[in-house]
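What follows is each chain in one-letter form.
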Amino acid sequence: MHISVIGSGYVGTTVAACFAELGHKVTAIDIDEEIVNTLNEGKAPIDEPGLEDLLEKHVGDRLEATTSYDAVPESDATFLAIGTPSNADGSIDLTALEAAAEATGEALAEKSERHLVVIKSTVTPMSIGDVLEPAVHRGANDNENIEVGMNPEFLREGSAVSDFMHPDKVVYGTRSEWATDKLHQVFEPLLEQHDADIVETDPATASMIKYANNAFLASKISLVNDLGNICKEFGLDAYEVMEAVGLDDRISEQFLRSGVGWGGSCFPKDVNAIIAAARETGYDPALLEATVEVNDRQPERMLDLLEKHVDLEGARIAVLGLAFKPQTDDIRNSRAIPTIENLQERGAEVAAYDPVAIDPMRERFPEIEYADSAADALADADGTVVVTDWDEFAALDEEFDAMKNGVVVDGRRIIQRRDGIIYEGLTF
Ligand SMILES: NC(=O)C1=CN([C@@H]2O[C@H](COP(=O)(O)OP(=O)(O)OC[C@H]3O[C@@H](n4cnc5c(N)ncnc54)[C@H](O)[C@@H]3O)[C@@H](O)[C@H]2O)C=CC1
Ligand SMILES: O=C(O)[C@H]1O[C@H](OP(=O)(O)OP(=O)(O)OC[C@H]2O[C@@H](n3ccc(=O)[nH]c3=O)[C@H](O)[C@@H]2O)[C@H](O)[C@@H](O)[C@@H]1O
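Computed from a predicted structure; not experimentally measured. (Residues numbered from 1 in each chain as written. Chains lettered and ligands numbered in written order. Predicted model: local features only at pLDDT ≥ 70, side-chain atom pairs only at ≥ 80, totals over all residues. Heavy atoms only, no water.)

### Section: the UniProt feature "domain: UDP-glucose/GDP-mannose dehydrogenase C-terminal" (unreviewed entry) in the chain
According to UniProt, the positions carrying the feature "domain: UDP-glucose/GDP-mannose dehydrogenase C-terminal" (unreviewed entry) are residues 318-417. Counted over residues 318-417, helix gives 26% and strand 18%. Its end C-alpha atoms are 17 Å apart. (UniProt positions renumbered as here; feature names shortened; annotations may be inferred. Helix = DSSP H or I, 4+ residues; strand = E, 2+ residues; numbered from the N terminus.)

### Quick notes on the site of ligand 1
Close contacts around ligand 1 come from 26 residues, with Val11, Asp30, Tyr69, Thr84 and Lys269 the closest. A distance of 3.1 Å separates an oxygen atom of ligand 1 from a polar atom in the backbone of Tyr10. In this structure, an oxygen atom belonging to ligand 1 sits 2.5 Å away from a side-chain N or O atom of Thr84. Counted by class, the shell around ligand 1 contains 12 nonpolar, 8 polar and 6 charged residues. (Near = heavy atom within 4 Å. Polar contact = N/O pair within 3.5 Å; in protein donor to acceptor, adjacent residues only side chain to side chain. Nonpolar A, V, L, I, M, F, W, Y, C, P; charged D, E, K, R; others polar.)

### Observations concerning a negative patch on the surface
Residues Asp47, Glu52, Asp53, Glu56, Asp329, Asp359 and Glu363 make up a contiguous surface patch of negative charge. Secondary-structure elements contributing two or more residues to the negative patch are helix H3 (51-58) and helix H13 (358-364). The element contributing the most residues to the negative patch is H3, with 3 residues. Mapped onto the elements of the fold, Asp47 is located in the loop between helix H2 (33-40) and H3. (Patch = residues over 30% accessible without salt bridge, like charges linked within 9 Å, V, L, I, M, F, W, Y side chains within 5 Å. Areas by Shrake-Rupley, 256 points an atom, 1.4 Å probe, with all protein chains shown as cover. Salt bridge = Lys/Arg side-chain N within 4 Å of Asp/Glu carboxyl O. Lys, Arg positive; Asp, Glu negative; His and termini not counted. Charge placed at Lys NZ, Arg CZ, Asp CG, Glu CD.)

### So, the UniProt feature "binding site: substrate" (unreviewed entry) in the chain
The feature "binding site: substrate" (unreviewed entry), as annotated in UniProt, sits at Phe154, Leu155, Arg156, Glu157, Lys210, Phe255, Leu256, Arg257, Ser258, Gly259, Gly263 and Lys325 in this numbering. In terms of the greatest pairwise C-alpha distance, the residues named above, spread along 172 residues, do not form a single cluster, extending to 24.6 Å across. Secondary-structure assignment places Phe255 in the loop between helix H9 (238-245) and helix H10 (267-280). Classification of Phe255 as partly exposed rests on a relative accessible area of 28%. Not counting residues up to four positions away in its chain, the partners in contact with Phe255 are Leu217, Lys220, Ile221, Val224 and Phe267. You can call Gly259 buried: its relative accessible area is 1%. Residues contacting Gly259, with those up to four places away along its chain left out, are Asn225, Gln298, Gly411, Leu426 and Thr427. (Buried < 20%, exposed > 50% of the residue type's maximum accessible area, 1.4 Å probe, protein only. Contact = heavy atoms within 4.5 Å.)

### A look at the nonpolar core
With 52 residues, the main nonpolar core has Leu306, Val319, Leu320, Leu322, Leu343, Phe393 and Ile415 as its most contacted residues. Look past the residues within four positions of Leu320 in its chain and what remains in contact with it is Tyr353, Ala374, Ala377, Leu378, Thr384, Val385, Val386, Val387, Thr388, Phe393 and Leu396. Core analysis: the next-biggest nonpolar cluster, separate from the first, contains 38 residues, Val5, Leu22, Ala28 and Tyr172 among them. (Core = buried A, V, L, I, M, F, W, Y, C linked by side-chain atoms within 4.5 Å.)

### Let's talk about the sheet that holds strand E9 (residues 316-320)
Sheet strands pair by backbone hydrogen bonding; their relative direction is either parallel or antiparallel. The 6 strands lie next to each other as E11-E10-E9-E12-E13-E14, forming an open sheet whose pairing is parallel. Each end of this open sheet is capped by a strand with a single partner; those strands are strand E11 (369-370) and strand E14 (422-425). Here 2 bridges tie strand E10 (residues 349-353) to E11, and the two strands are oriented parallel to one another. Of the residues in E11, the one forming a bridge with Ala352 is Tyr370. This element, helix H12 (residues 336-345), spans E9, E10 and strand E12 (383-386) of the sheet and lies at about 175 degrees to E9. (Pairing = 2+ DSSP bridges. Axes fitted to C-alpha atoms, helices over the stretch in contact; angles between N-to-C directions.)

### Considerations on the pairing of strand E13 (residues 407-410)
Where burial is concerned, the two faces of E13 agree: the one with Val407 and Val409 and the one with Val408 and Asp410 are both buried. Summarising the sheet, E13 and E14 pair through 4 bridges and their orientation is parallel. The partner of Val407 across the bridge, within E14, is Ile422.

### As for the site of ligand 2
For ligand 2, the set of nearby residues contains 20 residues, the closest of which are Phe154, Leu155, Glu157, Lys210 and Cys266. One of the backbone N or O atoms of Phe154 is found 2.8 Å from an oxygen atom in ligand 2. The separation between an oxygen atom of ligand 2 and a polar main-chain atom of Leu155 is 2.6 Å. Relative to its unbound accessible surface of 710 Å², ligand 2 loses 89% to contact with the protein. The set of elements that each furnish at least two residues to the shell around ligand 2 consists of helix H8 (203-234) and H10. With 3 residues, H8 is the single largest residue contributor to the shell around ligand 2. Residues of the shell around ligand 2, tallied by class, amount to 9 nonpolar, 3 polar and 8 charged. Mapping the shell around ligand 2 onto the domain boundaries places at least three of its residues in each of domain 1 (2-201) and domain 2 (202-428). (Domains from an automatic or database assignment.)

### Things to note about the packing of helix H1 (residues 10-21) against H3
It is at 9 Å that the axes of H1 and H3 come closest, and there the two elements cross at 55 degrees. Judged on the interaxial angle alone, H3 and H1 are oblique. Both H1 and H3 take part in a crossing whose hand is left-handed. Taking contact as the criterion, the partners of Thr13, Thr14, Ala17, Cys18, Ala20 and Glu21 in H1 are, on H3, Leu51, Leu54, Leu55, Lys57 and His58. Of the residues assigned to the contact of H1 with H3, the class counts are 6 nonpolar, 3 polar and 2 charged. (Parallel < 35°, antiparallel > 145°, perpendicular 65-115°, else oblique. Left-handed = near helix turned anticlockwise from the far one by under 90°.)

### Quick notes on the pattern of salt bridges
In total, this model carries 26 salt bridges according to the counting rule given. A salt bridge links Asp304 to Arg346; the nearest nitrogen and oxygen atoms lie 2.9 Å apart. Separated by 42 residues along the polypeptide, Asp304 in helix H11 (residues 286-307) and Arg346 in the loop between H12 and E10 bring together distant segments of the chain. Accessibility expressed as a relative area gives 42% for Asp304, which makes it partly exposed. The network of salt bridges with common partners includes Glu98, Glu102 and Arg138.

Written out as structure tokens, the structure reads:
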């Protein structure tokens, strides 16, 4: 098959490279010329394990990038993987996706065979029928050969290629048997090599499945954090408790790591978007609001613990970890951001370190000190907080001896307790 993929960010580039690996001819389309040029050199515009190998293998052969939508009508199906950020009130901002949907429609206005346009972006259920389908059809001058479907994506940053190639489920959100068959032709080569459940449903339900998935995972972590905070008050270790709880198959051992909370480009925006969409209907999503509230409180709790041992006014505090999770330089909604803001409000001087995420954080906080290593950040520090669970922090040992006061508040349960430090786990 020939597939066009509009948008070459985290999802679009991964999807395009993986479709090529599955044997499809792929045209990747992005408005950003720099991204297109990078892709056509066989290089990855984002840092994801295995992605550049796939691009090197397929660019110039099965995979080509361009800024032009001309290849859209020549392809058999088009996937839209455009960002869906938040408005100031948390609701979904569809501006970029709607523009791309309309441009896709325009490219298909003269097409005389049936063509499937698939929304890959995460969008609120009603926005497909209310905004995106109308945009495609408006662009296509109501060409009746064009149909819109939904195929949500569940990959994680840091393991995007592997997650795409080994999904638990593939969701086909369509309005006709023809569209379901078309989507199945796209995924058949993947499903031949990997056993995944196929869910066949309508587009709105498909997009709600995506929100429910992310809301469930974010709420699971917030629940674990709430229980973890209670454990801490009782002097108990939430990790020991959750290890036992996770033995229950109905709960599962995954996503039970308590600490400073969830960040990233998706959980915060998606939980807020579904809350805003629910409120628009008049429904008050009380549990999801609590999910956000618990998450927002964790950095402050971490600093309250620190302040039990250190007067933060004028103190030098090392912040270990700036990325929203390990194996990425992505700082979007990282828990390091409220942690640093809060430290500044409390009068502390921040010495920050991360193996890869210093440059993006420097743009956000140009005024703080960035250390070249964890050891340098710890030197002469009055205290340290651990925000990201990078493996290299687990190996820290005598580096703590260079601290002025060896107070360590561990937001991720990654630091080994040792003599000479005052260790406080956030939930343990
Ligand atoms: N990042 C992730 O791990 C995941 C993201 N998603 C969802 O996938 C969607 C895309 O997310 P990302 O890939 O992270 O976004 P991104 O911001 O990394 O990439 C979007 C790309 O679209 C391009 N673009 C914007 N307007 C365009 C237009 N009119 N025509 C062509 N290209 C255009 C931009 O230049 C950019 O390269 C979002 O809805 C997100 O929620 C879903 C699962 C995982
Ligand atoms: O919609 C999306 O974009 C994606 O969002 C998440 O993926 P991602 O944000 O890349 O990363 P996760 O591994 O889920 O971690 C998210 C946050 O939760 C935190 N987390 C995770 C697990 C845990 O037990 N505890 C915990 O605090 C991480 O530190 C991180 O800040 C989902 O896991 C993906 O399935 C989904 O496709």
